[in-house]
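# Structural characterization, general
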Amino acid sequence: MNAPVSKPTGVPVPVLDQQGPAIISFDGVSKIFPPRKDSAEVKAVDNIDLVVPEGAIVGVIGKSGAGKSTLIRLINGLEHPTSGKVTVDGLDIGSLDERSLRQARRSIGMIFQHFNLLSSRTAFDNIALPLEIAGTPRKAIPGIVEPLLEMVGLADKRDRYPAELSGGQKQRVGIARALATKPKVLLSDEATSALDPETTAQIIVLLKQINAELNLTILFITHEMSVVKKLAQRVAVMEGGRIIEQGTTYEIFSKPQHATTKRFVGEVTGGNVPEWLQTKLLADYAPGRQAVIRIAFTGADADEPVLSRLTRAYGVDFNIMHGQIEYVADHPFGTLIASVAAQPDLQAKLIADLTSTRNTVEHLGYVA
Amino acid sequence: MSPELINMIASSTLDTLVMVALAGIFGTLAGLPLGIFLATSRAGELFPAPNVNRLIGLVVNATRSTPFIILVVAIVPLTRLIAGTSIGTSAAVVPLTIAATPFIARVIEGAIREVDQGLVEAARAFGASPLQIVWKVLLPEAMPAVTLALTLATVSLIGYSAMVGAVGGGGLGDLGIRYGYQRFMPEVMATVVAVLICLVQGVQSLGDFISRRLDKRTRKS
């Protein structure tokens, strides 16, 4: 399915299988911030290749400092690449002069973690701002802004100032504002990170709805895997300025390769070993100790009665210590951490058997 | 107090108001663009010109650190050139404006720098030009603080205006010195001080009121 491509760095990164034509593409893009008096040179983005198909929702996840903020700012030219090429809708963003760049930005909407609404303008006037900037005739503005207010569900808050709105409402104004100039791409910079889980869920629903109704491509950055899980069709994982792994959301969740990816995935799937168990885990086998294994159930095998089959076949008992089932891209996805009393040779057989059913199995250690 | 004295106090008050108003208007006309420039011209800002920024900053600091009474005397030739005379109320407007301009520039710079940089980034992301960012984002967002800054400048001008009496500038300060102090008429001095207090109080209250009306950052009602 995905042909591995050797990068100059020697790290194989699977290329996203393209669906539509690419609307955003990064070709070997690096961004290096020159050294300052109190800090060394920073390679914020390091030789990145990334393709965003038209109409897709793509998530970029990484810890703070991974370079994702710089990555997203390269798309609308708020940062200029040190090398490589960023193309948006056929335009080489780095080659544009200021005037053409301003023009290009009107077809690239952006929403922000802290909303960045003008406190001196009402919801209506905030949404009207990009139109005023673009020189839209005054008379034409209400005809554009009113339907947007309607779409984000804030028609009754038309004349409210941001201080009178809740966080979720402010982000809705932010989304409407970003859509005012009818962009082809929406960039989301941690747009849900300042919101509570319930509001986050509502904003995610709104973004998905906008994506579907307007065929608007969405590229978002986040440090929350739960947002990736609910929103993204495709994911790129960033660390130290590089994309260490990318693929469809389901691929990333079901077969994470890199340790960082596994940690992110573990956050939502319960694959991370709980602390109480970590303190009890022992490295070596001794008589009386039980083996601890982690099984990730994915795809078609997720609903197979694996453990009871093994119990019958080998006459062993599993003790379930930790588990979780999640739905990723409408596929069930579960993780189970269980201990089993078995001699080392039987353990090896069990693990081999489990691995043969396409599940990902890992031997974590032993408990007394 | 004789009606004559009351008349003098009234006309001196008017002189003070005219001096402060004119110097305030001219000072704002010059100080506002200067303040905007100072707030947006460091390296990496909207109109990057770090050397010009430093130079103007230096001139502003030099003017601000010159004691006003020395400034008044030092620029007499300039005053004569602009106002045609170096004494009287209209002449006093020149040094007052020159003292007010760098002060206003600095307080406006401060007010603009208070504006959240995220708003500037958002405006850039929507394709706003640097000038549009100043007009549509920075100034409207800084307006409550700019109003308070101009109020502060006006109050300072009322204080400065009392000093121009030393060069025949007229106004309340001049009246207080000549009648209250030199002719030893404490009732004149007391009245002058009372009128000045009322002026300052009035200006401050008006400024606070306008700033509150402009400020939408906190929930009201």
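Residues numbered from 1 in each chain as written. Chains lettered and ligands numbered in written order. Predicted model: local features only at pLDDT ≥ 70, side-chain atom pairs only at ≥ 80, totals over all residues.

### Structural notes on the overall build of chain B
Looking only at helices and strands, chain B has nine helices and zero strands in total. Reading chain B from its N end, one meets helices and strands in the order α-α-α-α-α-α-α-α-α. Seen through its principal axes, chain B has C-alpha atoms that stretch 65 × 50 × 25 Å. Out of the 221 residues in chain B, the part that is buried amounts to 44%. Pairs at least 24 apart in sequence give 71% of the contacts found in chain B among residues at least 6 apart. (Helix = DSSP H or I, 4+ residues; strand = E, 2+ residues; numbered from the N terminus. Buried ≥ 20, exposed ≤ 12 C-beta atoms within 10 Å, placed from the backbone. Contact = placed C-beta atoms within 7 Å.)

### Regarding the interface of chain B and chain A
On the side of chain A, 21 residues touch chain B, which itself brings 20 residues to the contact. Elements supplying a minimum of two residues to the side of chain B that touches chain A: helix 6 (117–125) and helix 7 (130–161) of chain B. When the residues that make up the side of chain B that touches chain A are grouped by side-chain class, the tally is eight nonpolar, five polar and seven charged. (Nonpolar A, V, L, I, M, F, W, Y, C, P; charged D, E, K, R; others polar.)

### Quick notes on the sheet that holds strand 16 (residues 360–367) of chain A
All names here are of chain A. Taken together, four strands build an open sheet; the order of strands is 14-15-13-16 and the sheet is antiparallel. Each having just a single partner strand, strand 14 (318–328) and strand 16 make up the two edges of the open sheet. Between one strand axis and the next, the sheet turns by 15° as a mean value, whatever way the strands run. When strand 13 (residues 290–297) meets strand 15 (residues 331–340), the two strands line up antiparallel, connected through seven bridges. (Pairing = 2+ DSSP bridges. Axes fitted to C-alpha atoms, helices over the stretch in contact; angles between N-to-C directions.)

### As for the environment of B:Arg80
Residue and element names in this part refer to chain B. Along the chain, Arg 80 falls in helix 4 (residues 76–83). Residues Arg 80 and Ala 111 lie 31 residues apart in sequence; the distance between their C-alpha atoms is 34 Å. Setting aside anything within four residues of it in sequence, one finds Arg 80 in contact with Thr 85 and Ser 86.

### Description of unusual backbone geometry
Among all residues except glycine, the phi angle is most often negative; among peptide bonds, the trans geometry is most common. Residue and element names in this part refer to chain A. Its identity as a non-glycine residue notwithstanding, Asn 116 has a phi of 55°, on the positive side. Tracing the sequence through the fold places Asn 116 in the loop between strand 8 (108–112) and helix 3 (123–133). In this structure, Lys 182 is a non-glycine residue whose phi angle is positive, near 50°. Take Lys 182: it is sitting in the loop between helix 5 (167–179) and strand 9 (185–189). Lys 182 sits in the exposed class, given 11 other C-beta atoms within 10 Å.

### Considerations on the nonpolar core
Note that soluble globular proteins tend to have their nonpolar side chains buried in a common cluster. Membership of the largest hydrophobic core comes to 138 residues, with the highest contact counts inside it found for A:Ile75, A:Ile127, A:Leu219 and B:Leu96. For this core, the leading source of residues is helix 5 (residues 89–113) of chain B, giving 15 residues. Among all residues touching A:Ile127, those that are not within four sequence positions of it are A:Val145, A:Leu148, A:Leu149, A:Val173, A:Ala176, A:Arg177 and A:Ala180. (Core = buried A, V, L, I, M, F, W, Y, C linked by C-beta atoms within 7 Å.)

### What to know about the pairing of strand 10 (residues 217–222) of chain A
Residue and element names in this part refer to chain A. Most of strand 10 sits out of view: six of its six residues are buried. Burial along strand 10 is two-sided: Thr 217, Leu 219 and Ile 221 facing one way and Ile 218, Phe 220 and Thr 222 facing the other are all buried. The pairing of strand 5 (residues 57–61) with strand 10 spans five bridges and is classified as parallel. Counted as the bridge partner of Val 58 is Leu 219 from strand 10. Two elements, strand 9 and strand 10, share five bridges in a ladder whose sense is parallel. Its bridge partner being in strand 10, Leu 186 is matched across the sheet by Ile 218. Tracing the backbone out of strand 9, into helix 6 (residues 197–214) and back to the parallel element strand 10 gives a crossover that is right-handed. (Right-handed = clockwise from strand over helix to strand, strands pointing away.)

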